[in-house]
Amino acid sequence: MAAVVARRKHFTYDYRSKQSKYVVQEYAGSKTEDVRYEYRTEKNIQKVVEKKIPEKYIRESSMIRGPKFLVRLRSHTVFENSAVKLFCTVEGYPTPQVNWFKDDVLLDISSGKYFVEGSVGIHSLTIMKCAIDDTAMYTAVATNTHGQASTQASVIVKRPKEEEKPSPYSWMSYQYAILPEIQYTKINITFLETFKVTFGKEGDCVTLACKMTISPNLINLQPEALWYRDEHLLKESKWVKMESGGGVAKLTLTHLAKDDEGLYTLRMVTKGGDAVHRAYVFVEDGPSPVPLAPGAPMDIKIHDANRDYVIVSWKPPNTTTEGPIIGYFVDRCEVGTENWVQCNDSPIKICKYPVSGLFEGHSYYFRVRAVNSHGISRPSRMSEPIAALDPTEFERLYATRLGGKLDVVSYHDDLEGSVRFLLIVEYYFESRTDDIGRTFPRAEGNAPGAPSNVYASETDRTYVVLSWKPPVYHGKAPMWYYIEKSLVGSGSWQRVNTRVPVRSPRYGVFDLAEGKEYLFRILSANMYGTSDPSEPTKPIKTQELRGVPSAPGQVVATRDTDTSVLIQWAPPKEPNNLIGYYIDSCVKGSKDWTSANHKPHSKTKFFVHGLTTGETYVFRVQAINELGLSDESQESAPLCVGAALKLPSAPYDIALLHCDGESMVLNWKRPAHSGGAEVTDYYIDKCNVAKKAWKEVNVPPIKQRLHKVPHLTPGSVYQFRVYAANLVGLGDASVVSPPFKCEAWTMPEPGPAYDLSVTEIRDESAVVEWKTPIYTGASGITGYYVDMCKKGTETWTTANTAAVNHCYLKVKGLETGSSYVFRVRAENAQGIGKSSAPSDPICAKALPGAQEIKCGVDEETGDIYLAFESCQMTEISQFVWKKSYQEITDFSKGISIKTSGKCSTLLFKNPDKDDVGTFSVSVTNTDGASASYKITAEELEKMLALSYDIRNPIIPLKTELSYKILERGRVRFWLQTEGISSAVTYKFFANNKELVNCEQTKMSHDVATGVIELVLDHFTEDSEGTYAVQIQDGRAKAQSSLVLIGDAFKAALAEAEYQRREYIRVKEGPHFSQFLSVNVGEDASVSLICKASNVANLKKESVFHWFKDDVEVIPEVPADLSSGVCKLPLSLFSKKSVGVYKATIGDDRGQDVSQVDISGQVFDNIINELSRVAGASAADLVIHCTAEGIMLQCHMKYYTEEMKITWMQKDAKIKASERMRVGGTPGMATLEIVEPTDKDKGVYTFELIDNEKSYIRTIELSGQVYENAYAEFQRLKAEAYAEKNRGKVVGGLPDVVTIMEKKTLSLTCTVAGDPKPQVTWSKNDQEVEPGDQYVISLDSGKFASLTIKGVTLEDSGKFTMSVVNKYGGESVDIVVSVYKHGDKIPEIKPSPSPKRIMPPVLPIIIPSTAKPSTPASAQSPVPPQAPKSPAPSRGVKSPTPSRRK
């Protein structure tokens, strides 16, 4: 509402003058009736609008548009104590909110004097009882999200008696409208608590609140709280909730989105003014659905809504840390549903999209999602609902005046016979004329005229929105339009809307080519025909894709506050429809850029908040338009975050230190606030009190706070003032000093001390420092007294009973939290002199985080140090080190100061006894950060000893110098240190003679292990003696020696000789360079491995053999001596693999043997390693059903029964038995439960243990799992029983029989089955009927035969024997070949045909007496048996068949 009030304040005198003319015209009697009729006309049209909205099923209000007054306010003149009512009618979508103002001040309707009504666009203000002070200009302001409109009218209240006081308006002419001056009650609003800069994330709920006092707090004059975001007035919605009252104003953002980011302003509006507070709210992206997906778009806007399309636009998100945006998806959702539909199939690259295919009269929400290479963003906040309506539908209404007060409101295009109109009848007349006297002739049967004034109201890359003026049309037949387009130069016209009739004079033409010129024309049509085309438009060119904006210009960063910086930049040279800017910040030296704003900023300056005080940042800016982001600007110059530099405050407490009659020595205190920069200069003005004129004392600036003012008049009285200056400029002048008389000082006592400062403030103590008086009196100063006084009292007490002869004193015994001031008095032989000026008051309380000085010795350099870390620091702060409270300025003795950040260190390079004493440090431009430390003689002596040890270190040794005999009889002398660097140097000595690094005496070291060694190539009797080594690594040194004489030397020499001989043996004959060992692979394979000598040492005659228990083993893959590595796999390792294994290699030069005994602990170790590999690979337990029961299986890389495996049921160990068969195969461990019962239900656990850990797998065999397994077991059991007892051909039939005709052929075989099977024979798939030639027999249910007597050629073919009982059966084919007598016996190769199994009759019923076969329990690790090879092919000539398998 504040925005409305602000906008209404622009009414000027000229504006009111024009409005007064309008008032005068309305009061002219000749036009009163027309105005009243116009009002009724608009009211009638409005009623039609109200009626048509439900007919169209519109879920929202009228089409999107700004407010428009259909009926304006009318001025009134009334008498006192009478009532007056002001009317107006307004339209717009969303529905405008109307506020009433009296003389530009919001009307207070809570008083009961005014009554406001509003319904379906008709608004009224009623003044129940007019008074003289109601004479004013009244304004109705209609506002919605798309704009505002206003209408005004004056109300003049007259008194019946003319002798009474005239109205303020009664004297004015009708061309002026001077309003009465109204005195308002002044209401003061003071904010007590305010909201600060707020940082939130999408989806958060944030509340901004201000507490205030209102004075006077009048019930009827309560201030109105108006909230703004970026100068836009906020209203209550699902996203925004407002509360006000009781001295508190709150704004709650219920569900943050980036649309909510901006500068929030609270205006507390009163009649006497307003109180304003503002702060920024930042909203960062919420968690994305996919890592590195872009942020959500924002600021969804709807443009040019029509009956079947709308145009949606949005703003792109920032992509500082995400990849570039590929495009966008636009979604829509019909109001009243939750079904979001994606409008575009592929991502669109610009931030504007026309959505077509909408249903007229339906309302929709829209939202947008961004896409990059990583995924799709969160959806934006959905738009406000928008109705798909003809925007000019209600403009096509008209009112026809029939005479008197009878009007007809109808559509221009209503059909006769189905006319939609409203008769408002107050009096009946026959005539049909409109409000200006026009008549409407009947137009039935005529086509409409051509439209005119066709133009493009909006142009984009791929579409144009056309508008035109409809033809004059009075027919009742509906009229519509056709749109035609033509590409410039083509000469042909193409109709655009072939399917959808256009009824409004506005239409969007889509799918145009980018950057092309088009002509458009419109035709109107009705049921009687089509008009001529309108005049074509001028060539209209669609926009071309000009790309993103160019990069913004120079970026300048300036300080603002301790946590914020003002960024300013030059706009891009090529804006290309610029939308706004994104600002990024980065700590100097890093590449971690972060977004400063998450919503485009429209101006070229921005305050970046949330920065770290004292940190240095750089900034950059990107411009954006509907196509995306520009290149980054150049980075700004680095800027350290801190408060903006200001002028220093004024110096104070000017004191006179000495006067010689012609000059005065002055001193003053430095400004309390330096303005963020060091105060460098001072300027003094003087004033002779008698002359009252101020003059400059110095033109060149004064650097110190002590100055001698010369050329003064003796006896005159002077006053002084001082200015301080920093790099920003000159500050304010100090308070004028007290009057000082220019008289020479002759008193024998000393003058005042000066420059008092209080440091090292703690809870109970403080250190007072001062400077020696300028005037010492008749003799030298002998001491000082320090006085103190509690702030607010006049009682001074002396802190020291005896005078101190130095310029500092530690005052103890202070009360914690109390404030004190101090002063100093100097003493000489003549007495105590003047007191110094009082110090600034201090509070006896340590600063938060205050630390003391730390004293120690640097572990690397050996330097003694004093280190201090300040709890406070500003950019211009400096560390001041003192000894005995005198600043250290002499650094010639090796004292140095190192400062980094908040830490400062005082280093003693060459400490000695002179360094005993008290050292202190203070930090300038802080609240008194300081500390001290006293170094005593004893402490210094200890630190000097430690410093010497550090500067003269000894390299610690792990081992002393030792020796070792190597191959070929070489000797290695070595030692190991705790650690050495790559810069280490060393020397070896033998009998006090330094050895040289060469082939005979090779020296080396290893930094990683700290080993230093010497290898002596020739160790002989001359090598007896003492060996030593000297080492130096930086400053550190070490030395070690070894005495090798007598028996020790002889033993070493003998070992060297043996190694020399052994080397010669190995060098000349075949041997193993790596002896036999066992290797267990990660694939659970076990193998023996050894390595023979290098290939150059072997001959062709060299042979290699494997043995187990002295029996030679022939491996499948012979040993490959060319590679040197020989390997013997031990497949299916188990107890059977136990034994002594040998490997031999030899030739005519000799033989070498290596062996390993795989038994005992070696065997156990192999099993443990196999258990580890198997356990690590063990899969989850699975259920496998068999014909005998339920089997639990654990698949693994290898299984053997020697592994420590335990099966448990319900924590009870399972013992192997006929019912519980524990075993497995090389690939899995199994537990088979034979004939399971309900007792076998429960949780089963498999545990495999190696030496280090156990591997456990569990499975629950109960419930549905058990039922399913048990059912499968029963099925398999039945199938196994059926397979065992079905009819079978045991053997005896050949595959092929060759026989001469007229012979007798007997096909005989053995069959089996329980019950006894039935046997049938067929020839060429036709059943053989027994007779004289064919004799079929079955003896004892076992022997079946088919006898063919006197075979003929016709008996050649395929004979099939089928054996079947109720459990199934099988059939066998025999090929019979008959040849004539004398012919050659045909050669027919047998082609065995498989048995065809016949299924059993279901269900399979097992007799209760039947028992399943119980094979022996599974043994492990017996490998699966290979199936037996099939029997050899049977003879083709023998009529006696062999046994079939």
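Up top is the structure these notes are about.
Let me sum up the structure you'll find in this document. (Residues numbered from 1 in each chain as written. Predicted model: local features only at pLDDT ≥ 70, side-chain atom pairs only at ≥ 80, totals over all residues. Heavy atoms only, no water.)

So, on to the overall build of the protein chain. Scanning the protein chain for helices and strands turns up seven helices and 102 strands. Every one of the 1445 residues in the protein chain was classed for burial, and the buried ones make up 46%. Across the protein chain, contacts joining residues at least 24 apart in sequence account for 66% of those joining residues at least 6 apart. In the structure as shown, the protein chain presents an accessible area of about 74600 Å², 52% of it carried by carbon and sulfur atoms. (Helix = DSSP H or I, 4+ residues; strand = E, 2+ residues; numbered from the N terminus. Buried < 20%, exposed > 50% of the residue type's maximum accessible area, 1.4 Å probe, protein only. Contact = heavy atoms within 4.5 Å. Areas by Shrake-Rupley, 256 points an atom, 1.4 Å probe, with all protein chains shown as cover.)

Overall, the coordinates contain 53 salt bridges when judged by the stated rule. For Glu 117, the salt bridge goes to Lys 85, with nearest N and O atoms at 3.6 Å. Here Glu 117, found in strand S6 (residues 114–119), pairs with Lys 85, found in strand S3 (residues 84–93); they are 32 residues apart in sequence, far enough to count as distant. Across the salt bridge formed by Arg 229 and Asp 260, the nearest N and O atoms sit 3.1 Å from each other. Of this pair, Arg 229 sits in strand S13 (residues 224–229) while Asp 260 is found in the loop between strand S16 (248–253) and strand S17 (262–270), placing the two residues 31 residues apart along the sequence. A residue is classified by how much of its surface remains accessible, and Arg 229, at 15% relative accessible area, is buried. One connected set of salt bridges, linked through shared partners, spans Lys 102, Lys 113, Asp 133 and Asp 134. (Salt bridge = Lys/Arg side-chain N within 4 Å of Asp/Glu carboxyl O.)

Summed over all chains, the structure comprises 32 aromatic pairs. The structure contains a cluster of three or more aromatic residues connected by ring pairs, namely Phe 199, Tyr 280, Phe 282 and Phe 606. Positioned above the aromatic ring of Trp 745 is the side chain of Lys 834, whose terminal nitrogen or guanidinium carbon lies 4.2 Å from the ring centre. (Phe/Tyr/Trp six-rings, centres within 6.5 Å; stacked < 30°, edge-to-face > 60°. Lys NZ or Arg CZ within 6 Å of the ring centre and 35° of its normal.)

Glancing now at the sheet that holds S3. The strand order across the open sheet built from four strands is S1-S3-S7-S6, with neighbouring strands paired in antiparallel fashion. The open sheet has two edge strands with one neighbour each: strand S1 (65–71) and S6. Each strand of the sheet is rotated relative to its neighbour by a mean of 25 degrees, with strand direction disregarded. By the bridge criterion, four bridges tie S1 to S3 in an arrangement that is antiparallel. Looking at S3, one finds that Arg 65 is bridged to Tyr 93. (Pairing = 2+ DSSP bridges. Axes fitted to C-alpha atoms, helices over the stretch in contact; angles between N-to-C directions.)

Its place among the elements puts Thr 977 in strand S71 (residues 971–977). Non-local contacts of Thr 977, meaning those with residues more than four positions away in its chain, are made with Ile 955, Pro 956, Leu 957, Lys 958, Thr 1009, Gly 1010 and Ile 1031.

A few words now on the environment of Phe 868. Tracing the backbone shows Phe 868 in strand S63 (residues 864–869). Note on Phe 868: relative accessible area 4%, which makes it buried. In the structure, Phe 868 is positioned 17 residues away from Gln 851 in sequence and 7.4 Å away in space, judged by C-alpha atoms. When neighbours within four sequence positions are excluded, Phe 868 is seen to be in contact with Gln 851, Glu 852, Ile 853, Phe 879, Trp 881, Lys 902, Cys 903, Ser 904, Val 921, Val 923, Ser 930 and Ala 931.

Here helix H7 (residues 1263–1285) spans 33 Å end to end across 23 residues, near enough to the 33 Å set by a 1.5 Å rise per residue. Every buried residue belonging to H7 is among Tyr 1266, Ala 1269, Phe 1273, Leu 1276, Lys 1277, Ala 1278, Tyr 1281, Ala 1282 and Asn 1285, and all of these are buried. Of the surrounding secondary structure, the elements contacted by the buried residues of H7 are strand S85 (1182–1185), strand S86 (1189–1195), strand S92 (1254–1261) and strand S100 (1357–1365). (Expected span 1.5 Å × (residues − 1).)

Residues Val 555, Ala 557 and Arg 559 line the buried face of strand S38 (residues 555–559), whereas the alternating positions Val 556 and Thr 558 sit on a face that is not buried. By the bridge criterion, five bridges tie S38 to strand S39 (residues 565–569) in an arrangement that is antiparallel. Within S39, the residue paired with Val 555 across the bridge is Trp 569. In this structure, the hairpin formed by S38 and S39 is closed by a connection of five residues.

This brings us to the pairing of strand S70 (residues 957–965). Strand direction decides the pairing type here: S70 and S71, joined by six bridges, are antiparallel. Bridged to Ile 965 within S71 is Val 971.

Another point: helix H4 (residues 937–951). The terminal C-alpha atoms of H4, which comprises 15 residues, lie 21 Å apart, in line with the 21 Å expected from a rise of 1.5 Å per residue. For H4, every residue scored as buried is listed here: Leu 940, Met 943, Ser 947 and Ile 950. In a view along the axis of H4, the buried residues occupy a sector of 80 degrees, so they form one face of it. Away from its buried face, by an angle of more than 90 degrees, H4 presents the exposed residues Glu 938, Glu 941, Lys 942 and Tyr 948. Structurally, H4 contributes buried residues whose contacts are with strand S62 (854–857), S63 and strand S69 (930–935). (Arc of directions from axis to C-beta.)

Moving on, we get to the side chain of Asp 1033. Positionally, Asp 1033 belongs in strand S76 (residues 1025–1033). Among buried charged residues, Asp 1033 stands out as having no salt bridge; its nearest opposite-charge side chain is Arg 1035, 10 Å away. Excluding anything up to four places from it in sequence, Asp 1033 contacts Ile 955, Ile 980, Ser 981, Ala 983 and Val 984. (Lys, Arg positive; Asp, Glu negative; His and termini not counted.)

Below, the discussion takes up the environment of Ser 1159. Inspection of the secondary structure assignment puts Ser 1159 in the loop between strand S84 (1150–1158) and helix H6 (1160–1177). Residues Ser 1159 and Ser 1137 lie 22 residues apart in sequence; the distance between their C-alpha atoms is 8.9 Å. Polar side-chain contacts of Ser 1159 include one of 3.0 Å to the side chain of Asp 1157. (Polar contact = N/O pair within 3.5 Å; in protein donor to acceptor, adjacent residues only side chain to side chain.)

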